[in-house]
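# Examining the three-dimensional arrangement
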Amino acid sequence: MSDIKFTFDASKFRKRLHLLEKMSLDARMAAAEQIGDVMVGRAKNNAPVDEGSLTQDITHTVENKDGVIVIYCYVPDGAQSSEYAIKMHEENYNLGVNSQLKAEKGFSVGNKYIRRAMDDSVKDIGEIIEYEYKRRLK
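Since this is a predicted model, take the numbers as computed values, not measurements.

Rules and cut-offs
Residues numbered from 1 in each chain as written. Predicted model: local features only at pLDDT ≥ 70, side-chain atom pairs only at ≥ 80, totals over all residues. Heavy atoms only, no water. Helix = DSSP H or I, 4+ residues; strand = E, 2+ residues; numbered from the N terminus. Buried < 20%, exposed > 50% of the residue type's maximum accessible area, 1.4 Å probe, protein only. Contact = heavy atoms within 4.5 Å. Areas by Shrake-Rupley, 256 points an atom, 1.4 Å probe, with all protein chains shown as cover. Axes fitted to C-alpha atoms, helices over the stretch in contact; angles between N-to-C directions. Parallel < 35°, antiparallel > 145°, perpendicular 65-115°, else oblique. Left-handed = near helix turned anticlockwise from the far one by under 90°. Core = buried A, V, L, I, M, F, W, Y, C linked by side-chain atoms within 4.5 Å. Salt bridge = Lys/Arg side-chain N within 4 Å of Asp/Glu carboxyl O.

## So, the overall build of the protein
Counting its secondary structure elements, the protein contains seven helices and two strands. Going from the N terminus to the C terminus, the protein shows its helices and strands as α-α-α-β-β-α-α-α-α. The buried share of the protein, taken over its 138 residues, is 35%. When contacts within the protein are restricted to residue pairs at least 6 apart in sequence, those whose partners lie at least 24 apart make up 66%. Counting only carbon and sulfur atoms, one obtains 48% of the accessible surface of the protein, whose full area is about 8400 Å².

## Focus on the packing of helix α2 (residues 25-46) against helix α6 (residues 113-120)
Packing of α2 against α6 leaves a shortest axis separation of 8 Å and a crossing angle of 135°. Judged by the inter-axis angle, α2 sits oblique to α6. Judged by the twist between their axes, the crossing of α2 over α6 is right-handed. Side by side, α2 and α6 meet where Met39, Arg42, Ala43 and Asn46 of the first sit next to Tyr113, Ile114, Arg116, Ala117, Met118 and Asp120 of the second.

## With respect to the nonpolar core
Residues Ile58, Val75 and Tyr113 are the most contacted members of the largest nonpolar core, which totals 22 residues. Put simply, the parts of the chain that give this core at least two residues each are α2, α6 and α7 (122-137). At six residues, the largest contribution of residues to this core is made by α2. Apart from residues lying up to four places away in sequence, isoleucine 58 is in contact with Val40, Ala43, Lys44, Ala47, Cys73, Tyr74, Val75 and Tyr113.

## Topic: the pattern of salt bridges
Per the stated rule, a full pass over the model turns up seven salt bridges. Across the salt bridge formed by aspartate 124 and arginine 42, the nearest N and O atoms sit 2.6 Å from each other. Placement of aspartate 124 in helix α7 and of arginine 42 in helix α2 is noted, with a sequence separation of 82 residues between them. Look at arginine 42 and you get partly exposed, because its relative accessible area is 27%. Among the salt bridges present, the one from glutamate 127 reaches lysine 123, with a minimum N-O distance of 3.7 Å. Of this pair, glutamate 127 and lysine 123 both sit in helix α7, separated by four residues, roughly a single helical turn.

This is the structure in structure tokens:
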């Protein structure tokens, strides 16, 4: 995995965070997988595109680190786009023709494609937590 790490302000869904404490590890892992899927989808929508390698290479993993669930959204080392993924994430640049076409379809294409996906997923994260909590009560 690359060396870029992100955190985000959880205050926007803090009222639902208490539900995590009541959820089993399986339920928290299931919620984390869904959250990872949402973030990857948005990151792929945000990613600039030339031939499509970067979009295809964005993925996620979920790990349990001593009871703390961690979601990684990243481009794996060795992936076709790994040589330029960080540069495309961190630097400002002019969008190419394919990225412009993608943007015309309503996607927010450009740098910080993963960071923005995380920020834009805050509402969904809270909803996923609440959904998994309620689903497990049945």
